[in-house]
Amino acid sequence: MLKRFITNTLWSTLALLMMSVLFTLSGFFILEQIKPVAGSLIIALFCVLLFIGCLIGQRLHFSKSLSFVSIIILPVILCAVLFLLGLAVPFIGYMVQYPSAVWSEAFGLSADYMNEPDAFRYYAVLIIHYLISALSLFIGAYKKHREN
């Protein structure tokens, strides 16, 4: 059980980071190339990544006692820890936090992160982004469990 827990946590964290990097790179490309319809294309890109997350989640182990914590809670916490480690190694912090910048750019939200309400919104969007991405992994694992 511990092996499955650790496997789920590591693969979920890796999948979240991979989805984050793909979202950021593709998102900034879309923002630079197709500015007028960037918001709807960013949403479409995110939906595609959620579908990929669902497919990845089908490879994870599911059990009622460990899945929610090992697929959703701990990977999001590990992403937050990576962000805090990013204070020492900026590339890691940027990699983890840039999905929020893509969302902000796509929908014309304020980029003044020194302003307290804007900073709160920036990090709230980031947390919601990761929670929804982790939820797609969980749904994939649950779907595979229901089929078996």
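**With respect to the pattern of salt bridges**
No. 1: Using the criterion set out here, one finds one salt bridge in the structure.
No. 2: For glutamate 105, the salt bridge is made with lysine 35, and the minimal N-O distance between the two is 3.6 Å. Of this pair, glutamate 105 sits in helix α4 (residues 90-106) while lysine 35 is found in the loop between α1 (2-33) and α2 (38-57), placing the two residues 70 residues apart along the sequence.

**What about a nonpolar patch on the surface?**
No. 1: Together, Met18, Leu22, Val48, Phe51, Ile52 and Leu55 make up an exposed nonpolar region whose accessible area comes to about 500 Å².
No. 2: Elements with a minimum of two residues in the nonpolar patch: α1 and α2.
No. 3: If one sorts the elements of the nonpolar patch by residue count, α2 sits on top with four residues.
No. 4: Structurally, the position occupied by phenylalanine 51 is in helix α2.

**Remarks on the side chain of serine 100**
No. 1: Along the chain, serine 100 turns up in helix α4.
No. 2: Here serine 100 is in contact with Tyr122, Val125 and Leu126, once residues within four sequence places are set aside.

**A look at the environment of serine 63**
No. 1: Checked against the element boundaries, serine 63 lands in the loop between α2 and α3 (67-85).
No. 2: Placed 62 residues apart in sequence, serine 63 and methionine 1 show a C-alpha to C-alpha distance of 9.5 Å.

**Section: the packing of aromatic side chains**
No. 1: Within the structure shown, the criterion is met by 11 aromatic pairs.
No. 2: Where phenylalanine 46 meets tryptophan 103, the ring centres are 5.3 Å apart and the plane angle is 85°; that geometry is what we call edge-to-face. On the criterion of sequence distance, the pair formed by phenylalanine 46 in helix α2 and tryptophan 103 in helix α4 is long-range, its members being 57 residues apart. Of the two residues examined, phenylalanine 46 and tryptophan 103, each falls in the buried class.
No. 3: The rings of Phe23, Phe46, Trp103 and Phe107 are connected pair by pair, giving a single aromatic cluster.

**Some remarks on the environment of serine 104**
No. 1: Following the sequence through the fold, serine 104 ends up in helix α4.
No. 2: The buried category is assigned to serine 104, whose relative accessible area is 7%.
No. 3: Expressed as a C-alpha distance, the spacing of serine 104 and tyrosine 122, which sit 18 residues apart in the sequence, is 7.6 Å.

**A short note on the state of the cysteines**
No. 1: Under the counting rule described, the total for this entry stands at zero disulfides.
No. 2: Here cysteine 47 stays free of any disulfide, with the sulfur of cysteine 54 as its closest cysteine sulfur at 12 Å.
No. 3: According to the relative accessible area criterion, cysteine 54 is buried, its value standing at 17%.

Calculation criteria
- Residues numbered from 1 in each chain as written.
- Predicted model: local features only at pLDDT ≥ 70, side-chain atom pairs only at ≥ 80, totals over all residues.
- Heavy atoms only, no water.
- Salt bridge = Lys/Arg side-chain N within 4 Å of Asp/Glu carboxyl O.
- Helix = DSSP H or I, 4+ residues; strand = E, 2+ residues; numbered from the N terminus.
- Patch = residues over 30% accessible without salt bridge, like charges linked within 9 Å, V, L, I, M, F, W, Y side chains within 5 Å.
- Areas by Shrake-Rupley, 256 points an atom, 1.4 Å probe, with all protein chains shown as cover.
- Contact = heavy atoms within 4.5 Å.
- Phe/Tyr/Trp six-rings, centres within 6.5 Å; stacked < 30°, edge-to-face > 60°.
- Buried < 20%, exposed > 50% of the residue type's maximum accessible area, 1.4 Å probe, protein only.
- Disulfide = S-S within 2.5 Å.

Purely geometric stuff here, so don't read any function into it on its own.
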